[in-house]
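# Notes for the structure review
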Amino acid sequence: RENSLAVFGKTRWRDTQVRVTGAAARTLQVLFDAFWRNQLLPYPELPVLDGVLITNHSRRGRNHLHRLYGRKFAEARHYIHLTTPYFVPDRRTRRELMRAARRGVEVKLLVPHRIDERLARVVQWAAHALYSNLLAAGVQIHEYMPRMLHAKTLVVDGDWCTVGTANVDYRSFFLNYELTLVSTARTLVDRLEQDFQADLAQSVRIQSRRWADRHPWFRFLETIGWAVRRWL
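This report concerns the structure included in the present document. From a predicted model like this one, the values you see are computed outputs, not experimental measurements.

Turning next to the pattern of salt bridges. Evaluated as defined, the whole model comprises 6 salt bridges. Measuring nitrogen to oxygen at the nearest pair gives 3.4 Å for the salt bridge that ties arginine 186 to aspartate 190. Pair noted here: arginine 186 and aspartate 190 are both in helix α7 (residues 186-200), with a separation of 4 residues, about one helical turn. Since its relative accessible area comes to 49%, arginine 186 is described here as partly exposed. A relative accessible area of 31% places aspartate 190 in the partly exposed class.

This is how it looks when you write it as structure tokens:
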């Protein structure tokens, strides 16, 4: 009963997961075995149907997802729809998101309003320290209200998507072991976009004017979060 309440009750988290079969599942087995044995793979990308699996447990993988995101943000022409529970991007990622918004790309960021972990609260403070500049550049920031949002997805221009374990933060890009599926499969792209729109309907958009009027105490907490962002 306790497990049932955790999955279906008010405290459940909103997450996104995918099931893979066939050759893609065998590729995942290779990745798991390599990680379990602490064996670095020669390349960060392993092909699967209509996409690739990206691992940073490789000789060239630690920076790979970071560069890929930066390139896709720079190439976007219509929209960038990003969902992440922990948003503390490095300077290059912030710059590319802001540049995209300034050139007319619809950049929507979906993050949680509710945080269920104490350490995650500090991460949220660090993210808040970035909001003013992002909002000024035209990035739309939406907070998901019903429960903790733990999904990590990205849809760009309706023809490219990612789903996996990586947040948009320093640890996911440069430190943690992460696994991300990158795909151009129409079915998956459309489903992730539908989920994004459904979550957006249950979210509140942060307005620049109201954000600028937030209490000085929150600004102080943001300073603390930003100072320790790389250790979170």
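Attention shifts here to the sheet that holds strand β2 (residues 51-55). Ordered in space as β1-β2-β10-β8-β7-β3-β5-β6-β11, the 9 strands form an open sheet in which the pairing is mixed. Of all strands in the sheet, those bounded by a partner on one side alone are β1 (45-48) and β11 (203-205). Neighbour-to-neighbour, the strand axes of this sheet turn through a mean angle of 20 degrees, independent of strand direction. Across 4 bridges, the pairing between strand β7 (residues 153-156) and strand β8 (residues 160-164) is antiparallel. Note that in β8 the partner of valine 156 across the bridge is tryptophan 160.

Take the side chain of threonine 162 next. With respect to the helices, strands and loops of the structure, threonine 162 is situated in strand β8. In this structure the side chain of threonine 162 is engaged in a polar contact, spanning 2.9 Å, whose partner is the side chain of tyrosine 69. What threonine 162 contacts, discounting residues up to four positions off in sequence, is Tyr69, Lys152, Thr153, Leu154, Thr180, Leu181, Val182 and Leu192.

Counted at 1.5 Å a residue, the expected span for helix α2 (residues 23-36) with its 14 residues is 20 Å, and the 20 Å between its end C-alpha atoms agrees. Those residues of α2 not exposed but buried are Ala24, Thr27, Leu31 and Ala34. Axial view of α2: buried residues confined to an arc of 80 degrees, hence all on one face. Turned more than 90 degrees away from the buried face of α2 sit Arg26 and Trp36, all of them exposed. Where α2 is buried, its residues meet β1, β2 and β10 (179-183). Phi turns positive one or two residues past the end of α2, at asparagine 38, with a value near 60 degrees.

Before going further, it helps to spend a moment on the nonpolar core. Counting 35 residues, the largest nonpolar core has Ile80, Phe87, Val107, Tyr131, Ile141 and Leu154 as its most contacted members. Mapped onto this core, the elements with two or more residues apiece are β2, α3 (64-75), β3 (79-83), α4 (91-102), β5 (106-112), α5 (118-137) and β7. The element best represented in this core is α5, accounting for 6 residues. Setting aside its immediate chain neighbours within four residues, isoleucine 80 contacts Phe73, Leu97, Ala100, Val105, Glu106, Val107, Lys108, Leu154 and Val155. Listed in part, the 16 residues of the second largest apolar core include Ala24, Leu41, Val189 and Leu192.

Parameters and conventions
Residues numbered from 1 in each chain as written. Predicted model: local features only at pLDDT ≥ 70, side-chain atom pairs only at ≥ 80, totals over all residues. Heavy atoms only, no water. Salt bridge = Lys/Arg side-chain N within 4 Å of Asp/Glu carboxyl O. Helix = DSSP H or I, 4+ residues; strand = E, 2+ residues; numbered from the N terminus. Buried < 20%, exposed > 50% of the residue type's maximum accessible area, 1.4 Å probe, protein only. Pairing = 2+ DSSP bridges. Axes fitted to C-alpha atoms, helices over the stretch in contact; angles between N-to-C directions. Polar contact = N/O pair within 3.5 Å; in protein donor to acceptor, adjacent residues only side chain to side chain. Contact = heavy atoms within 4.5 Å. Expected span 1.5 Å × (residues − 1). Arc of directions from axis to C-beta. Core = buried A, V, L, I, M, F, W, Y, C linked by side-chain atoms within 4.5 Å.

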